[in-house]
Amino acid sequence: MYDGLSNVEMLVHAPQAVHQCVGKHGQSRIWKQEEIIAEMLRHAKAGRRVVRLKGGDPAVFARTSEEVNALKAEGIPFEIVPGITAALAAGSYAGIPITHRGIASAVALVTGHEEPGKAKSDLDWPALARFPGTLVIYMGVTTAKQWTDALIAGGKDPKTLCAILRRCSLPDQQKIQCRLDEVAGHLTPASKFRPPVITIVGDVTGLAESMDWFSRRPLSGKNVLVTRPKDQAGQLARPLEELGANVIVQPAIEISPPDDWAEVDAAIERIDSFDSLVFTSRNGVKFFLERLLDQGRDLRCLGGLKIAVVGEATAEVLSAYHLRADWIPETFDADALLEMLRQAEPPLQSTLIVRTQRGREVIADGLRASGATVREVVAYQNRDVPEMDAITRTKLNELPLDWITLTSPATARNVHRWLGDSIGDAKVAVISPLTAETVRELGWRVDAVAASATMQSLTQAILDAEKT
């Protein structure tokens, strides 16, 4: 059960669990606290292990004590895992230390939104105005006029430096630096500077420019479309995000097992009849070897075969199964691998090629022309994703793309079908010369080509292009 302010990317760590959002502003109904507690108790009493995921730290303005009291009353065991509260996160991501030896030796965490219906505020604003350190105001957007006026009336200098921070740690993080008497003007409905917002009040905010690191990352502010299959997108998305990019993931290809394993199973039964095994992709390695293991065999049955892969990335997946490739071309290229196989000594006699249902026939045709017996099996399928996700389409309408990443000719063709001539000034980065050739044939310009067929190299190609 997760709050709208918690990062949904964390849910990947519990793929087996039911994911239940208890409300997100502007997207779904916000649950009342009594409803959340009742739902927690219902699941726990049914014998389920429940995670109550909150944004920030569960002990800071998170109403955790109410939930704990309900659990204790029902005799349900629990544990509390600390998090990083927004005051600390926002300060660090904005380059603002909320304490500083020469400026502020104390910090106060203050709510700008007390419980509705209170007869009297628990906050002593004149005392907070005199507080000798940094004030961090949580949940103070709609009440900004009241609390800033209260601080100024209590004696706080209207010229006190402040920083208003929104969506800290996310690619679209925003920061406004102003004076205390200007805060309310920046938080009106017309400003569209909507929650989640933290306001830091104090002279430490003057350090933001000198200590800023977040907005200075090389891809900060760049919107990048990642089109890899869903379970592989993170290998490219994560390094791009670490460099500051706002990554939009929209798979163009779906990877799935073959409709019928009969051909693969027959090849595995006759594995001893081959002298060489060729993998033309990472997915081929994974699907073929997993099928082999599912059939009750182990890697010893491959002991008599030489193994070829189409590139370093495929070799890396192979190594995860404790197998080492005998042939790896320097470039991710079927022609280069074919040339290596033609020069094999002794010459190849019987080769098994593991592939997808579509792709070039270069290796198979070339080996047959050289006199080898070749058998091809389809160990997985890649199919075009018919339509772009509606949420992704909305994002692209709101955020002009800076980069489109393409990791195969098939991906390039499908993304071009989606976007056509509507990509505007977006640049295109591709994994290989073969993919670049397809992109140019489709009428798009290629702005960056990876030096090798890896996500690291593709990321570096984008960085290099941004420097020019």
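Scroll up to find the structure this text is about.
To start, this report covers the structure provided alongside it.

About the thresholds
Residues numbered from 1 in each chain as written. Predicted model: local features only at pLDDT ≥ 70, side-chain atom pairs only at ≥ 80, totals over all residues. Heavy atoms only, no water. Helix = DSSP H or I, 4+ residues; strand = E, 2+ residues; numbered from the N terminus. Rg over C-alpha atoms; globule rule 2.2 N^0.38 Å. Contact = heavy atoms within 4.5 Å. Areas by Shrake-Rupley, 256 points an atom, 1.4 Å probe, with all protein chains shown as cover. Lys, Arg positive; Asp, Glu negative; His and termini not counted. Charge placed at Lys NZ, Arg CZ, Asp CG, Glu CD. Pairing = 2+ DSSP bridges. Core = buried A, V, L, I, M, F, W, Y, C linked by side-chain atoms within 4.5 Å. Buried < 20%, exposed > 50% of the residue type's maximum accessible area, 1.4 Å probe, protein only. Polar contact = N/O pair within 3.5 Å; in protein donor to acceptor, adjacent residues only side chain to side chain. Axes fitted to C-alpha atoms, helices over the stretch in contact; angles between N-to-C directions. Salt bridge = Lys/Arg side-chain N within 4 Å of Asp/Glu carboxyl O. Expected span 1.5 Å × (residues − 1). Disulfide = S-S within 2.5 Å.

Check the secondary structure of the protein and you find 17 helices and 15 strands. Here the protein has a C-alpha radius of gyration of 29 Å; the compact-globule value for 468 residues is 23 Å, and the former is much larger. The principal-axis extents of the C-alpha atoms in the protein amount to approximately 90 × 60 × 40 Å. In the protein, of all internal contacts separated by at least 6 residues, the share reaching a separation of at least 24 is 66%. For the protein, the accessible area works out to roughly 24700 Å², and carbon and sulfur atoms hold 52% of it. Charged side chains of the protein number 53 positive and 59 negative; the gap between the two group centres comes to 5 Å.

The strand order across the open sheet built from 5 strands is β7-β6-β13-β14-β15, with neighbouring strands paired in parallel fashion. Across the chains shown, the open sheet's two edge strands, defined by having one partner strand only, are β7 (246–249) and β15 (448–449). Relative to strand β13 (residues 403–406), strand β6 (residues 223–226) runs parallel, the two being bridged by 3 bridges. Across the sheet, residue Val224 finds its bridge partner in β13, namely Trp403.

Okay, the nonpolar core next. Residues Leu277, Phe279, Phe288, Leu289 and Leu318 are the most contacted members of the largest nonpolar core, which totals 28 residues. When residues of this core are traced back to their parent elements, those giving at least two are α9 (262–269), β9 (276–279), α10 (282–294), β10 (306–309), α11 (312–319), β11 (350–356) and β12 (373–384). With 5 residues, the top contributor of residues to this core is α10. When sequence neighbours within four positions are dropped, the list of residues in contact with Leu289 reads Phe279, Leu302, Leu318, Tyr321 and Leu323. In this structure, Leu225, Leu401, Ala426 and Val428 belong to the second largest nonpolar core, which totals 23 residues.

You can see Asp260 is positioned in the loop between β8 (253–256) and α9. The exposure class of Asp260 is exposed, given its relative accessible area of 53%. Remark: the alpha-carbon pair of Asp260 and Ala379, spanning 119 residues in sequence, is separated by 9.3 Å. Within polar-contact distance, the side chain of Asp260 engages the backbone nitrogen of Ala262 at 2.8 Å.

Moving on: the sheet that holds strand β2 (residues 134–138). Adjacent strands of a sheet pair through backbone hydrogen bonds, lying either parallel or antiparallel. Sheet architecture is open: 5 strands sit in the order β1-β2-β5-β3-β4, paired in mixed fashion. On the outer flanks of this sheet lie β1 (107–111) and β4 (174–179), each paired with one strand and no other. Across the sheet, the mean angle from the axis of one strand to that of its neighbour is 20°, orientation sign disregarded. Bridge analysis of β1 against β2 gives 5 bridges, and the strand direction is parallel. Residue pairing in the sheet places Leu109 in a bridge with Val136 of β2. Where helix α3 (residues 86–93) meets the sheet, it contacts β1, β2, β3 (161–166) and β5 (197–201), and its direction lies at approximately 75° from that of β5.

Counting across every chain of the model gives 25 salt bridges. One salt bridge in this structure joins Arg52 and Glu67, with 3.2 Å as the shortest N-O distance. Note that Arg52 is positioned in the loop between α1 (33–45) and α2 (64–73) and Glu67 in helix α2, a separation of 15 residues in sequence. Accessibility assignment for this pair places Arg52 and Glu67 in one class, buried.

To continue, consider the environment of Ile271. Positionally, Ile271 belongs in the loop between α9 and β9. Each C-alpha atom of the pair Ile271 and Gly359 lies 23 Å from the other, and the pair is 88 residues apart in sequence. Apart from residues no more than four positions distant in its own chain, Ile271 is found in contact with Phe288, Arg297, Cys301, Leu302, Leu305 and Leu352.

The subject of this paragraph is helix α17 (residues 455–467). The terminal C-alpha atoms of α17, which comprises 13 residues, lie 19 Å apart, in line with the 18 Å expected from a rise of 1.5 Å per residue. Restricting attention to buried positions, one finds in α17 the residues Met455, Ser457, Leu458, Thr459, Ala461, Ile462, Leu463 and Ala465. Looking at the packing, one finds that the buried side of α17 touches α8 (234–242), α10, β13, β14 (427–430) and β15.

Further remarks concern the side chain of Thr64. Looking at where Thr64 falls in the secondary structure, it is placed in helix α2. Thr64 sits in the buried class, given a relative accessible area of 12%. Those residues in contact with Thr64, other than ones at most four positions away along the chain, are Lys54, Pro58, Ala59 and Ile80.

Moving on, we get to the state of the cysteines. A full pass over the atoms with the stated rule returns 0 disulfides. Counting only cysteine sulfurs, Cys178 is the nearest neighbor of Cys162, a cysteine outside any disulfide, at a range of 5.5 Å. In this structure Cys162 comes out as buried when scored by relative accessible area, which is 1%. With no disulfide partner, Cys168 has as its closest neighbouring cysteine sulfur the one in Cys178, 17 Å distant.

Note that every value here comes from positions in space, so none of it alone points to a role or purpose.
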